[in-house]
Amino acid sequence: MKKSAFSLHVDLESFMPASAEDKEYMVQMRPSSTFFKDGIKRLRRNKVAIVSFYIVLFITLASIVLPMLWPYSYESMLGVVPGKPVDASYNNLSPFKYGSTELRKIEAGEKVFPHVFGTDSSGRDYFIRVVYGARISLSVGFFASIIVLVIGLTIGAISGYFGGKVDLILMRIVDIIYSLPDMLMIILLASVLRVSLGPAIENTIFAKLGSNVISLFIVFGALYWVSMSRLIRGQILNLREQEYVLAARASGARGPRIITKHLLPNCMSVIIISTALQIPSAIFTESYLSFLGLGVNAPMPSLGSLASEALNGLTTYPYRLVIPAIVISLIVLSLNLFGDGLRDAFDPKLRT
Amino acid sequence: MTDTAKNLVEVKNLKKYFSINTGFFKSKQLKAVDDVSFSIKKGETLGLVGESGCGKTTVGRTLMQLYKPTAGSIVYDGKQIKTPSDISEFRKKAAIVFQDPYSSLNPRMTVSDIIGEPLDIHKAYENKQERRERILSLMQKVGLNSEHASRYAHEFSGGQRQRIGIARALAIRPEFVVCDEPVSALDVSIQAQVINMFDELQNDMDLTYLFIAHDILVVRHISDRIAVMYLGKLVEVADADEIYEHPLHPYTRSLMSSVPYPDPKIARENKRIVLSGDIPSPLNAPSGCPFRTRCPHAAEICAQSMPSLSEAATGHAVACHRLKEIS
Ligand SMILES: Nc1ncnc2c1ncn2[C@@H]1O[C@H](COP(=O)(O)OP(=O)(O)O)[C@@H](O)[C@H]1O
Ligand code: SF4
Ligand SMILES: [Mg+2]
């Protein structure tokens, strides 16, 4: 059949059946790709997620490295020198302004490191307090998520794997915790623990962390694991019915092996994704608890307590509220976007 | 096959009921397998056929101790399997190949880890080197390219995946293998290859099979004897050729009459029996003979009692009240 130059008809003559070797070749030459590699490839293509990742990475690195290099510390009040009266010129400095002794040094030709964000009402360098606050917020978020992960994973896996009565009882507990108003519970728990925990941890390594940080972790551990455990339980229930699990049992595999080799690896993506998404929500909770005065103990700053302190001089020094607020938003937003990117790359089914 | 060969597997009055929730706090018994007895001699292949949903998979899995039997006993090599230690002993000698080549392979494991898992569980090797060699020789045995050992299952075609599943089943050098419709998910062009492979492996490794299929044609060549199942019960058991040439039970006859004959002359002479109605749900099975709702020969007695599986000729057992009247 003659074919017109513009015809979209496929020219059958240019096709021929693949020989057996051709087919074999196709199977062999396709590069081996694992689930993980595929996911990374998809993640790389997601610009928003990558940018968010770098923002989080940048803030994290900065909050680790900067306090080591910065000449001021988050707790030293610059106007207070032992044996001398308090120098009030250091309090409430505007950005890039200096206190009285520093001005004298500059006149004498010495270099003085600037106060990039000025100082707070007690004469502490505000920049380093923000950096330190970000460090505290990030680490609280990270460790709280780990706690949530460990508890949620254990209970969810037990519930899903054993099923029956165990599942029934555990899931009723989850339902009860779910139905509690969590804001109220967090505030109640945090204020009760603040009082009762203080004396208990005196002279232990925990004292350095402060009772409030510990009570934060307890609050997260006690309340936030429920949604994680529900998620994991659902996954395990589903995976348990897969034929490869039956196959493992037919080969004589027992509980521990089935859980670690078959069930967990297959819900790994769900676990990682929901942990990643847990971090910003923990940071957020930490911030508002600190804002309410239930967070980290003074003089340790967190982004929430910085914002709270800034309320006093809000009209004169609005930037002191704006700066920590922006940092919180940036961290929470980037972590959320990155978590979403992870989810889309590794488990598109999970999208709701 | 000699008649003197002893029974490797004996299943006696096996029942497996599932409880199905039919509403709040209400549940009903689904009799997936109801009072099934059969035996398999060493080196023999018993084909188990029946429509989808009649309980074949449940028989295979209960036999493999993947489901706890509701009642009945399973005797392997003269010893009843009861305690957990009996079960773990049994699992060193018996294996199963699943129907679905996709969901039966863990997507997060490489082929060599999938095949090696039974070896790992039973600590069947001295060192890594030996493990690797055994895995590679298994892959070779089932016709897989050993270069693919470190690949993941999703990179293979259905037929190749089923071969991986077969290699896994053979890893522990079993005596007995339950093959649960191992070819029904495969392309017709590949089915014959895989069935022939089962046949060769049986000769090579001295295997005994329970070979499940929904199509009697699939099992005809590989089976020594065939058992026909309907709604959780066995209705006929006989030698493969015997059942093919002289089916006695009305259900088996209808199955045989729907088998296409290559010769149109025979096909025309062979009147087709078309069954009316659908297979009833096992949740409310008919009283008496399970087949009576569709049986062209059903009579009053059929509703009253379940016909027992009894020998109509030597080695040919049938469960039908009206066998004499029909033939
Ligand atoms: N785990 C289970 N729970 C409840 N019902 C089941 C389960 N497995 C199978 N069944 C039911 O038992 C019957 C027999 O199923 P099955 O053994 O899979 O049949 P076949 O393999 O012959 O197609 C079906 O009605 C099925 O719905
Ligand atoms: S017992 Fe009755 S209903 Fe059942 S197969 Fe025989 S004739 Fe048909
Ligand atoms: Mg089946």
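As a starting point, this report considers the structure included with it. (Residues numbered from 1 in each chain as written. Chains lettered and ligands numbered in written order. Predicted model: local features only at pLDDT ≥ 70, side-chain atom pairs only at ≥ 80, totals over all residues. Heavy atoms only, no water.)

This part takes up the site of ligand 2. Around ligand 2 lies a shell of 13 residues, among which Cys289, Cys295, Cys302, Cys320 and His321 of chain B are the nearest. A breakdown of the residues in the shell around ligand 2 according to their chemical character gives eight nonpolar, three polar and two charged. (Near = heavy atom within 4 Å. Nonpolar A, V, L, I, M, F, W, Y, C, P; charged D, E, K, R; others polar.)

Now for the environment of threonine 119 of chain A. Residue and element names in this part refer to chain A. Its place among the elements puts threonine 119 in the loop between helix 4 (100–107) and helix 5 (126–162). With a relative accessible area of 0%, threonine 119 lands in the buried category. Separated by 201 residues in the primary sequence, threonine 119 and arginine 320 place their C-alpha atoms 9.4 Å from one another. Ignoring any residue separated from it by four or fewer positions in sequence, one finds threonine 119 in contact with Leu78, Tyr90, Asn91, Asn92, Leu93, Arg124, Asp125, Tyr126 and Arg320. Among the polar contacts listed, one links the side chain of threonine 119 to the backbone nitrogen of leucine 93, at a separation of 2.8 Å. (Helix = DSSP H or I, 4+ residues; strand = E, 2+ residues; numbered from the N terminus. Buried < 20%, exposed > 50% of the residue type's maximum accessible area, 1.4 Å probe, protein only. Contact = heavy atoms within 4.5 Å. Polar contact = N/O pair within 3.5 Å; in protein donor to acceptor, adjacent residues only side chain to side chain.)

Before going further, it helps to examine unusual backbone geometry. Residues and elements named next belong to chain A. Of note in this structure, phenylalanine 96 is not a glycine but carries a positive phi near 60°. Take phenylalanine 96: it is sitting in the loop between helix 3 (47–69) and helix 4. Looking at phenylalanine 96, the relative accessible area reads 49%, which means it is partly exposed.

This brings us to the site of ligand 1. Residue and element names in this part refer to chain B. Looking at ligand 1, there are 13 residues lining it, with Gly53, Gly55, Lys56, Thr57 and Thr58 nearest. Between ligand 1 and cysteine 54, the relevant distance is 3.3 Å, taken from an oxygen atom to a main-chain nitrogen or oxygen of the residue. Contact between ligand 1 and threonine 58: an oxygen atom at 2.5 Å from a side-chain N or O atom of the residue. For ligand 1, the protein covers 68% of the area, taking 560 Å² as the surface of the free molecule. Going through the elements one at a time, strand 1 (7–23), strand 2 (26–41) and helix 1 (56–63) are the ones with two or more residues in the shell around ligand 1. Per-element tally for the shell around ligand 1: the top contributor is helix 1, with three residues. (Areas by Shrake-Rupley, 256 points an atom, 1.4 Å probe, with all protein chains shown as cover.)

So, on to the sheet that holds strand 10 (residues 233–239) of chain B. Residue and element names in this part refer to chain B. The mixed open sheet is built from eight strands, whose spatial order is 6-7-8-3-9-10-12-11. At either margin of the open sheet sits one strand with a lone partner, and together these are strand 6 (94–97) and strand 11 (310–313). Averaged over all neighbouring strand pairs, the angle between strand axes comes to 20°, with direction disregarded. In this structure, strand 9 (residues 225–230) lies alongside strand 10, joined through six bridges in antiparallel fashion. (Pairing = 2+ DSSP bridges. Axes fitted to C-alpha atoms, helices over the stretch in contact; angles between N-to-C directions.)

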